[in-house]
Amino acid sequence: MRKCFCSQWQSFVVHGERLCGDMSCEITAVDDLRTDPPTRKCSTSSTNSTNSTSSTSSTNSAGSMATSDGDLDAAAVAIPPSAVVVYVTDDAVSTMSVVGYRGDRTRATVANGDASSSDIHTDRDECSSDDSCNGPDSPTGLKRVGSVYDFGLDGGDSPPPCANHPFAAGPDADLTKVARKQLRMIREVDVAVCHLNHTNTIISKILSSKYLRRWENHQIRLQDDCITSNTPSGFLSKTIGYEAIKDLYPVKRWDSNFKYCLRVVVTNGSYLLQTTNQYLRDQILYSILWKKNVQETQTLLKSQSDPDDMLKELQNIVDFAKNIPLVDDEIFHMPTFIASTLMTRDQEKYCKQSWEKALIGTLRPLIEDCPPSAEMCSFLSHHCKDQSSLPIIKDSLVYTITRILKHNFDFARTLTARTLVQDYIKALYIQDQSGESIRYFLSRVHSASAVCPHNRVLPNMVSTCITAIYSASEELPVNCSEAEFDCYYTNHLRCYIVVLQNISEYSDWLYGLAQLLRPLPFPALLLIRSIFMEDISSVILKIGLHEDCEIHKQVLAVRETKDGWFDLCSPIEAVFCGSSIVWTQLLKTLMACERCKKKKLLKNLKAKHLGTCVSEALKNNKIVMDVLCLMLEWMVVEDLHQRNQIVDTLKSTEFGRKVYDEFMSRQNQLLELQRKGGPQNLSLPARGTDLDLNSMFDCGPFGNLESVDLAFTNVTDTCANTLIKLPSLKVLNLWGTQFGDSGLLIISDHLTNLQVLNLCETKVTDRGIVSLISLINLKKLNLNSTKATVRSVDVLKKKLPGLHEVDVRYSFAW
């Protein structure tokens, strides 16, 4: 491919080559343009010759552009400020007009032509001069403004574009999106290094030619202030300081075999760094650019004393960090570290409210995208306590707090991060005690979807609130009055309870919240205060009234020797004295659940809350009366004195007498059923139902019944309530039925004499299978074609030493 730079851009085919429209235009190719100023000339007329002469003389001020051919090493010409660059290919003609220059910035317009097959890479090193040569292949940013692309200083939005990359979509494509890359920062890398002398004399040009170059292999290290080699010798026997680097740009086609090189221009010459691919070359390029810009910014800030000038320098490094296509924590941490250093260097000068607000606005893009440093956390916590600054940082800190909560922070080591979250929550509550600000903040933290995708947010948020509550409680006076406690609680503690209340509104967070609150992770000083228990009871009700058994059972104690939220909400306790609404609602949910082990729950109630149940029954509490009758029916209360007390309590009210009469009727039927006599084996016909089984047991005594075969019938979990009336049952066959976990939970509580159980092709899972550990006499178990897993079977074998035969063929997880 050859190029012509003139005022006319039409092309003609002459002897198989495209030339410009002016037939008098002369094109001179240069074999090696790495040595001297360009020798390519274009003369079309006397006027154009004059322009060409002036353009050649203004090379140093205006810059130059070049492109290379497969047959040629390189080609370059000087471009006047208003020249039109014509790319002539076999398929199309593309033009790029240089609109103007401003230091290192160049604005170019792509126009008129399909560039899908044109190579717009400009190898700046192919220009013989060591002066800056701007072009699309320079490491400058690329921002689109209409049809004009701004090649910004040092860094911008994209790495050097490929030959078929940025302009392949046509002149109207968004180059920022097309050419954007995500590069990892390089700190150590193996490269081939070549040193070139300054090419100002013919001798240095000859010595620097491609035939006399010598390459050395080095492992270079990019340090904070210089480039060094791990084997300091040869070309890199001395370090290359960033302040000595005058220019830095990639060279795509230095040699004909397409080596990827990076040229580092220094005072006494230049270095070529050769890599194996373009990606690695771009990594080194932008890594050096970043290190160089950071060092220059730090040097300038050390000499600056005006706060406004410092803000400008910080703004520059923040913009550079936003646009450079590197992915590394240092990119976001370094500007905030520099700002933190400034604040600690001279607090009287810089820690002023107006300057700090301006600093927050400057650092806001980086604060939103990275975890803040310890110094920055302390700085932001200070502004959270200042209510006049809160409107400014309220929205900007949402992303910062969210990032802190999403990452697995070790708050024991990063205390400032946890303090920042706590101060931010407190500031939101002080600004709006209705809780709307906290609700909006949590909606942002949770995410817009129905399920929060970040599994660390909830535990980090809850632990932060609990820690704040503990810290604030330690500052309370030992013998403070109720009024003093209420005032202190409202001002310093309630904000964190409001957070927990809002967290309980999200269904996907409720199970995790229930698990975290189950051990009662609050100071004992608060658990005896009515104002705290009234606020936390709304959270407990959300947990205890949930339809999912895994959630509502979290209100129970972790161990029998401990207390749970259900125990604390007892109306006999001091904090809830005279109010049984919360406790009764929790009890109703627990007793109505088919998956909860009711017999175990009744035993706990008898041990801890029998007096509470008797007291509530005397108040005509119907739910408690049903519970007391169930205690009698399932023989939970064995003590004769306690049984008589329960009977007297039930007979003291009209509804209680009705419940007790129904209990006695069922008891008489049970005694008739368990009377000695009848068959030992019983089989239900195919397609039999729960009603058929229940009506069969009403026919006569079955006291001798030891085996029941319900295989391939339509019985469900409901039949368990009938089967538990046969305590002497030893063999139970449920093959191919609709029996599930709920039925297993009931059976495991009552049929303790069971020895053989067939659950082949049933719906049982690990939850129900594990409950069989209470069947201490079980010897044979068939779990063929079920969803049993290795875990549940291992638990059974460990807990039941008499279980010597378990069939798990074709199981779900085997």
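Enquirer: I keep staring at the overall build of the protein and nothing clicks. Help me out?
Expert: Of regular secondary structure, the protein possesses 32 helices and 25 strands. Expressed as a percentage of the 814 residues in the protein, the buried residues total 52%. Long-range contacts, defined as pairs at least 24 residues apart, comprise 64% of the intrachain contacts of the protein with a sequence gap of at least 6.

Enquirer: Explain the sheet that holds strand S14 (residues 226-229) to me, please; I cannot follow it from the model alone.
Expert: Strand pairing in a sheet relies on backbone hydrogen bonds. The paired strands run either parallel or antiparallel. Taken together, the seven strands give an open sheet; going across it, the order is S15-S14-S13-S12-S18-S17-S16, and neighbouring strands pair in antiparallel fashion. Of all the strands in the sheet, just strand S15 (240-241) and strand S16 (247-251) have a single pairing partner and so form its edges. Taken together, the three bridges between strand S13 (residues 216-222) and S14 define a ladder with antiparallel strand orientation. The partner of Ile220 across the bridge, within S14, is Ser229. Those strands touched by helix H5 (residues 278-303) are strand S12 (188-196), S13, S14, S16, strand S17 (260-266) and strand S18 (269-275), and its axis lies near 25° from that of S17.

Enquirer: Explanation requested: helix H26 (residues 640-651) in the structure shown.
Expert: Side chains three or four residues apart in an α-helix point the same way, a direct result of the helix having 3.6 residues per turn. Between its first and last C-alpha atoms H26 spans 17 Å; for twelve residues at 1.5 Å apiece the expected length is 16 Å, and the two agree. Among the residues making up H26, those that are buried are Ile646, Val647, Thr649 and Leu650. For H26, the arc enclosing every buried residue in end-on projection is 160°, short of the 170-degree limit, so these residues lie on one face. In H26, the exposed positions that point more than 90 degrees away from the buried face belong to Leu640, His641 and Asp648. Where H26 is buried, its residues touch helix H24 (610-618), helix H25 (622-633) and helix H27 (654-673). Capping the start of H26 is the job of one residue whose side-chain oxygen sits 3.1 Å from the backbone nitrogen of His641: Asp639.

Enquirer: Would you mind going over the pairing of S16 with me for this structure?
Expert: Regular strands place side chains that alternate from one sheet face to the opposite one. Across the five residues that make up S16, a large majority, five, are buried. As paired strands, S16 and S17 are joined by five bridges and run antiparallel to one another. Among the inter-strand pairings, Asp247 is bridged to a residue of S17, identified as Val265.

Enquirer: Please clarify how helix H32 (residues 790-799) should be interpreted in this entry.
Expert: For H32, the complete set of buried residues consists of Ser792, Val793 and Leu796. Take H32 and look down its axis: the buried residues cluster within an arc of 95°, on one side only. Across H32 from its buried face, at more than 90 degrees, point the exposed residues Arg791 and Lys798. Buried positions along H32 lie against helix H31 (766-770), strand S24 (780-782) and strand S25 (805-807).

Enquirer: So what exactly am I meant to see when it comes to the environment of Val627 here?
Expert: Note that Val627 resides in helix H25. Look at Val627 and you get buried, because its relative accessible area is 3%. Separated by ten residues in the primary sequence, Val627 and Ala617 place their C-alpha atoms 9.6 Å from one another. Filtering out sequence-adjacent residues up to four positions away, Val627 remains in contact with Leu587, Met591, Leu602 and Leu605.

How each quantity is defined
Every chain begins its residue count from 1, and numbering advances along the sequence as written. With the structure being a predicted model, the display of local features is reserved for residues of pLDDT at least 70 and the display and counting of side-chain atom pairs for 80 or more, all residues being used for whole-chain, interface and lining totals. As a rule here, side-chain values come from all non-hydrogen atoms in the structure, and water together with hydrogens is ignored. Note on conventions: DSSP H or I runs of at least 4 residues are helices, E runs of at least 2 residues are strands, and numbering of each starts at the N terminus. Think of it in three bands: residues with accessible area under 20% of the maximum for their type are buried, residues over 50% are exposed, and the middle band is partly exposed, with areas taken using a 1.4 Å probe on protein chains only. By the convention used here, residues are in contact when the closest approach between their heavy atoms is within 4.5 Å. Here a strand pair is declared whenever DSSP counts at least two bridges between the two strands. Note on geometry: axes are lines fitted to C-alpha atoms, helical ones only across the stretch in contact, with angles between N-to-C directions running from 0 to 180 degrees. Multiply 1.5 Å by the residue count of a helix minus one, and that product is the helix's expected span. By arc we mean the arc of the directions from the helix axis to the C-beta atoms, nothing more. N or O atoms closer than or at 3.5 Å make up a polar contact, with two conditions inside protein: a donor-capable atom paired with an acceptor-capable one, and, for residues adjacent in sequence, both atoms drawn from side chains.

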